[in-house]
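Chain by chain, the residues run as shown.
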There are 2 protein chains.
Amino acid sequence: MSCYSRSEKNREAFAQQIGCRAAKSYTELLRDPEVEGVLITTPNDAHTAPILEAAEKGKHVYVDKPIAHTIAEAIKIDHGCREAGVILSVGHSARRLRGSRKIKEILEQGDIGKLVMAECNFSNDRSLELTPDKWRWYKDKSPGGPLIQLAVHHADTLHYLFGPVRNVSAMAKRLYTPAEIEDVTMTILEMASGQLCYIGSNWASQGTFYTYVYGMDANLYFTVDFNFWHRSEVVDQHSRLEIQHRGSSEHKPIALSQGDMFREELEEFAECIREKKRPEVGGPEAIAALAVVHAAIRSAETRQTVDVREVMDG
Amino acid sequence: MSCYSRSEKNREAFAQQIGCRAAKSYTELLRDPEVEGVLITTPNDAHTAPILEAAEKGKHVYVDKPIAHTIAEAIKIDHGCREAGVILSVGHSARRLRGSRKIKEILEQGDIGKLVMAECNFSNDRSLELTPDKWRWYKDKSPGGPLIQLAVHHADTLHYLFGPVRNVSAMAKRLYTPAEIEDVTMTILEMASGQLCYIGSNWASQGTFYTYVYGMDANLYFTVDFNFWHRSEVVDQHSRLEIQHRGSSEHKPIALSQGDMFREELEEFAECIREKKRPEVGGPEAIAALAVVHAAIRSAETRQTVDVREVMDG
């Protein structure tokens with residue numbers, strides 16, 4: 001196991017903390033025969049070069065979500081990994097929350113009847129702390145602000161639950177952030193299956209995460225306590241999934257087991273390498289989620305509904 | 001006190017139940033010198049004629065929401081009542097829920113900080129029961145379906161809480177209703193003050209009513225148990241208002257008193273007649289809420305963001 005960061009201090013500290021080697025350059029790390037796969041955690045707009053370099057050296061790749069900051073870069077990454085025959089796994093953790101998994105299970109069992117609509121929100125107040133030395137400050141590096149950093153999770157989970165998105169209509173505003181990016185966004189998605197979904201996402205109010213699913217026979221209410229978002233080993237205990245059947249006032253709790261969304265992603269990556277399997281979220285899934293973000297950005301700019309295919313075509 | 005319905009059976013039964021006279025025609029009712037004001041509960045597209053007739057006879061008017069089915073009719077009604085010098089009061093009850101009143105009070109005290117966004121939903125499954133003999137079946141009588149019957153409440157309450165709406169972007173679908181109208185709708189509102197609000201409204205899943213308000217310092221979550229919506233004397237006891245402060249996981253309940261939204265409307269109407277006061281929701285407020293509905297319908301049709309002024313101009 002080996003690590004690399006441009007900052008010598010950071011990589012030495014990380015190596016010591018994890019108990020791994022620290023490479024003096026990224027190329028040196030990629031030359032390490034023991035390394036089978038790499039985890040890329042660079043800023044969104046700096047994914048392509050290290051991924052393509054790894055792929056060329058035959059190393060499998062895990063990259064944090066979103067796959068890239070633009071569709072063009074995302075497609076380059078996906079193609080590069082395919083051509084090199086390496087696995088590309090993208091960290092859309094939210095679908096791995098136990099609540100998301102349980103919703104999928106309930107939908108497959110048909111327990112809430114036909115889907116009427118779904119509503120989600122993922123927000124936190126991080127844009128208020130941004131300063132010009134942070135890459136997330138800039139529109140060209142972090143287009144859409146909370147759309148690409150937060151809403152993209154729901155875009156992936158909604159696709160996982162209900163299939164692909166056809167059209168997107170959105171509004172986005174810059175209200176309170178000192179940065180260049182928008183901080184308050186609302187997006188309506190028309191799914192290929194016909195239903196409508198909504199994603200609210202802002203970067204100015206406290207941490208919020210919910211997914212509500214309205215069916216003809218029952219509604220599901222899934223809420224995560226955002227204060228535990230980064231503590232994936234306990235986050236499911238701080239989540240709540242409830243079902244309300246038609247005609248009843250009761251919100252009945254549905255028990256959730258304790259998973260670990262971040263650990264599961266990495267274990268799946270290792271398993272895919274060992275067993276030459278396709279990861280659950282590869283290039284196509286990650287590009288689909290990013291396309292929703294870019295369709296929302298374009299819709300907010302043009303004040304028109306945007307067909308997701310238009311965004312894919314560039 | 002007197003009542004009139006085209007059905008003799010209905011008006012006799014109502015007269016007996018309430019203990020009032022039953023007029024043989026609407027004109028006879030309007031000639032009754034004891035009658036100072038009339039309550040109009042005809043279908044949406046049949047408001048104008050009885051209102052204008054009442055106004056000409058100098059009778060004050062209370063009409064159930066929405067003020068009318070089109071903006072043109074709404075303007076005719078408002079002008080007619082003004083010219084005749086009679087009071088026009090429109091039954092947008094949702095702003096009179098104790099939870100809505102409390103949110104307004106909290107906003108005025110500045111307790112949640114600056115507004116970031118608001119999200120609402122008002123849905124029920126009534127469109128599934130529609131048959132061609134019901135006026136709500138038809139697009140020309142009930143344009144927008146759940147938009148004009150349900151979402152219009154939130155349009156009024158959002159205006160009451162945050163001021164006028166500037167732009168509207170919406171999608172609307174006909175998924176499950178046997179009727180002509182759409183049954184699943186999502187609408188994004190850009191307020192003149194700059195913030196974004198969302199209204200979800202469908203006519204195919206069970207009764208749902210909530211208003212969430214996201215501030216920079218705290219969020220408010222207001223939920224009404226729809227099963228008690230029509231029992232206005234107890235509905236506030238079946239409502240929940242919670243505040244979550246920034247950084248805290250706790251949703252702290254805020255106590256609500258028991259009001260009576262329907263009774264309050266009628267008592268206010270009587271008081272306005274006695275004391276020659278303006279009602280809280282008159283023509284301009286009701287037209288503003290209806291304009292949001294028609295902007296949403298136009299936006300869904302044209303796939304473009306619609307300026308509310310365009311709809312007002314016809």
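Residues numbered from 1 in each chain as written. Chains lettered and ligands numbered in written order. Predicted model: local features only at pLDDT ≥ 70, side-chain atom pairs only at ≥ 80, totals over all residues. Heavy atoms only, no water.

A.B. asks: When you look at the overall build of chain A in this model, what are you seeing that I'm missing?
C.D. replies: Check the secondary structure of chain A and you find 9 helices and 14 strands. Relative to the 2.2 N^0.38 estimate, which gives 20 Å for 314 residues, the radius of gyration of chain A is 20 Å and therefore close to what a compact globule would have. Taken over the C-alpha atoms alone, chain A extends approximately 65 × 40 × 35 Å along its principal axes. Burial statistics for chain A: of 314 residues in total, 59% are counted as buried. In chain A, 66% of the contacts between residues at least 6 apart in sequence involve partners at least 24 apart. On chain A, roughly 12900 Å² of surface is accessible, and the fraction owed to carbon and sulfur atoms is 49%. Averaging the coordinates of the 38 positive side-chain charges in chain A and doing the same for the 45 negative ones gives two points 1 Å apart. (Helix = DSSP H or I, 4+ residues; strand = E, 2+ residues; numbered from the N terminus. Rg over C-alpha atoms; globule rule 2.2 N^0.38 Å. Buried < 20%, exposed > 50% of the residue type's maximum accessible area, 1.4 Å probe, protein only. Contact = heavy atoms within 4.5 Å. Areas by Shrake-Rupley, 256 points an atom, 1.4 Å probe, with all protein chains shown as cover. Lys, Arg positive; Asp, Glu negative; His and termini not counted. Charge placed at Lys NZ, Arg CZ, Asp CG, Glu CD.)

A.B. asks: Can you walk me through the pairing of strand β9 (residues 196–202) of chain B in this structure?
C.D. replies: Along any regular strand, the residues point their side chains to alternate faces of the sheet. Residues and elements named next belong to chain B. Of all 7 residues making up β9, 7 are buried, and the element is well covered by its neighbours. Here β9 shows a buried face lined by Leu196, Tyr198, Gly200 and Asn202 and a second buried face lined by Cys197, Ile199 and Ser201. Counted along the chain from strand β8 (residues 184–191) to the antiparallel partner β9, the turn is 4 residues long, and its residue Gly194 has a positive phi close to 110 degrees. (Pairing = 2+ DSSP bridges.)

A.B. asks: What is the right way to read the interface of chain A and chain B from this model?
C.D. replies: A common way to express how large an interface is: the accessible area buried when the components associate. Between chain A and chain B, the contact holds 59 residues from the first and 58 residues from the second. In total, about 4600 Å² of surface goes out of reach between chain A and chain B, with carbon and sulfur atoms giving 55% of it. Considering only the surface of chain A that becomes buried against chain B, Met171, Gln206 and Arg303 of chain A emerge as the three largest contributors, covering 16% of it. Glu190 of chain A serves as the salt-bridge partner of Lys173 of chain B, at 2.5 Å between the closest nitrogen and oxygen. Counting residues per element, the ones that place at least two in the side of chain A that touches chain B are β6 (115–123), β7 (165–173), β8 (184–191), β9 (196–202), β10 (208–215), β11 (218–224) and β12 (239–245) of chain A. Split by residue class, the side of chain A that touches chain B holds 26 nonpolar, 23 polar and 10 charged. (Buried area = accessible area lost by both parts, 1.4 Å probe. Salt bridge = Lys/Arg side-chain N within 4 Å of Asp/Glu carboxyl O. Nonpolar A, V, L, I, M, F, W, Y, C, P; charged D, E, K, R; others polar.)

A.B. asks: Before we go on, may I ask you to explain the sheet that holds strand β4 (residues 60–64) of chain B in this structure?
C.D. replies: Two modes of strand pairing occur in sheets, parallel and antiparallel, and in both the strands are linked by backbone hydrogen bonds. Residue and element names in this part refer to chain B. The strand order across the open sheet formed by 3 strands is β3-β4-β5, and the pairing between neighbours is parallel. Taken across any chain shown, the strands that pair with only one partner, and hence form the sheet edges, are β3 (37–40) and β5 (88–91). The average undirected angle you get between the axes of adjacent strands in this sheet is 15 degrees. (Axes fitted to C-alpha atoms, helices over the stretch in contact; angles between N-to-C directions.)

A.B. asks: Explain the packing of helix α6 (residues 146–162) of chain B against helix α8 (residues 283–302) of chain B here, please?
C.D. replies: Geometrically, a packed helix pair is captured by the angle between its two axes and the distance between the axes. Residue and element names in this part refer to chain B. Closest axis-to-axis distance for the α6/α8 pair is 8 Å, and the angle between their directions is 125 degrees. In terms of axis orientation, α6 runs oblique to α8. Once α6 is placed against α8, the crossing between them reads as right-handed. Here α6 contributes Leu147, Ile148, Val152, Ala155, Asp156 and His159 to the contact with α8, which in turn contributes Glu285, Ala288, Ala289, Leu290, Val292, Val293, Ala296 and Ile297. (Parallel < 35°, antiparallel > 145°, perpendicular 65-115°, else oblique. Left-handed = near helix turned anticlockwise from the far one by under 90°.)

A.B. asks: Would you mind showing me how to read the domain arrangement of chain A here?
C.D. replies: All names here are of chain A. Segmentation of chain A into domains returns domain 1 (2–92 + 265–281) and domain 2 (94–259 + 291–308). The interface of domain 1 with domain 2 comprises 15 residues on the first partner and 16 residues on the second. Summed over both partners, the interface of domain 1 with domain 2 buries about 1400 Å², with 51% contributed by carbon and sulfur atoms. Of all residues in domain 1, the largest losses of buried area upon contact with domain 2 belong to His69, His92 and Glu280, amounting jointly to 40% of the total for that side. Here domain 1 is connected to domain 2 by 4 salt bridges. Salt-bridge contacts for Glu280 lead to Arg101; the nearest nitrogen and oxygen are separated by 2.8 Å. In this assembly, domain 1 and domain 2 are joined by 7 residue pairs in polar contact (both at pLDDT 80 or more). When the residues that make up the side of domain 1 that touches domain 2 are grouped by side-chain class, the tally is 5 nonpolar, 5 polar and 5 charged. (Domains from an automatic or database assignment. Polar contact = N/O pair within 3.5 Å; in protein donor to acceptor, adjacent residues only side chain to side chain.)

A.B. asks: Which parts of the structure should I look at to understand the relation of the copies chain A and chain B?
C.D. replies: In screw terms, the move from chain A to chain B is a rotation of 180 degrees and a rise of 0.0 Å along the axis, fitting with an RMSD of 0.0 Å. Such a combination of rotation and displacement between the chain copies is what one expects of a two-fold axis. Residues of chain A ranked by C-alpha distance from the rotation axis are headed by Gln304 of chain A, positioned 2.2 Å from it. With an isologous cut-off of 70% or more, the 98% of interface residues of chain A that recur at the interface of chain B puts this contact in the isologous class. (Least-squares fit on C-alpha atoms with pLDDT ≥ 70 in both.)

A.B. asks: Teacher, can you tell me more about the environment of Ser127 of chain A here?
C.D. replies: All names here are of chain A. Note that Ser127 resides in the loop between β6 and α6 (146–162). In the structure, Ser127 is positioned 53 residues away from Glu180 in sequence and 10.0 Å away in space, judged by C-alpha atoms. In this structure Ser127 touches Thr177, Pro178, Ile181, Asp183 and Trp203, once residues within four positions along its chain are discounted.

A.B. asks: What's the story with the environment of Ile75 of chain A in this structure? I'm lost.
C.D. replies: Residue and element names in this part refer to chain A. Here Ile75 lies in helix α4 (residues 71–84). In this structure the C-alpha to C-alpha distance between Ile75 and Arg96, which are 21 residues apart in sequence, comes to 24 Å. Among residues more than four places away in sequence, those in contact with Ile75 are Ile287 and Met312.

A.B. asks: How do you make sense of α6 of chain B when you look at a structure like this?
C.D. replies: With 17 residues, α6 of chain B extends 22 Å between its outermost C-alpha atoms, agreeing within 8% with the 24 Å of an ideal straight helix rising 1.5 Å per residue. With its phi angle positive at about 95 degrees, Gly163 of chain B sits one or two positions after the end of α6 of chain B. (Expected span 1.5 Å × (residues − 1).)

A.B. asks: Any chance you could explain the side chain of Thr208 of chain A here in plain terms?
C.D. replies: Residue and element names in this part refer to chain A. Relative to the helices and strands, Thr208 resides in strand β10. For Thr208, a relative accessible area of 6% translates into the label buried. Within the structure, Thr208 has its side chain in polar contact with the backbone oxygen of Gln206 (distance 3.2 Å).

A.B. asks: Can you help me understand the pattern of salt bridges in this one?
C.D. replies: It is possible for side chains of opposite charge to pair when their charged atoms get near one another. All names here are of chain A. What the rule picks out here adds up to 54 salt bridges over all chains. Between Arg21 and Glu34 there is a salt bridge, and its shortest N-O distance comes to 3.6 Å. You can see Arg21 sitting in strand β2 (residues 21–22) and its partner Glu34 sitting in the loop between α2 (26–31) and β3 (37–40), a full 13 residues away along the chain. With a closest N to O distance of 3.2 Å, Glu264 and Arg96 form a salt bridge. Here Arg96 lies in the loop between β5 (88–91) and α5 (98–109) and Glu264 lies in helix α7 (residues 261–275), a separation of 168 residues in the sequence. The buried category is assigned to Arg96, whose relative accessible area is 2%. Three or more residues joined by partner-sharing salt bridges are found here, namely Arg95, Arg96, Arg98, Arg101, Asp156, Glu264, Glu268 and Glu280.

A.B. asks: Just checking my understanding: could you explain unusual backbone geometry for this structure?
C.D. replies: A negative phi angle characterises most non-glycine residues, just as the trans form characterises most peptide bonds. Cis geometry is found at the peptide bond from Lys65 of chain A to Pro66 of chain A, where omega equals -10 degrees. By secondary structure assignment, the location of Pro66 of chain A is in the loop between β4 (60–64) and α4. A positive phi angle, close to 50 degrees, is found at Lys276 of chain B, a residue other than glycine. In this structure, Arg303 of chain B is a non-glycine residue whose phi angle is positive, near 60 degrees. Here Arg303 of chain B is to be found in the loop between α8 and β14 (306–307). Judged by its relative accessible area of 37%, Arg303 of chain B falls in the partly exposed class.

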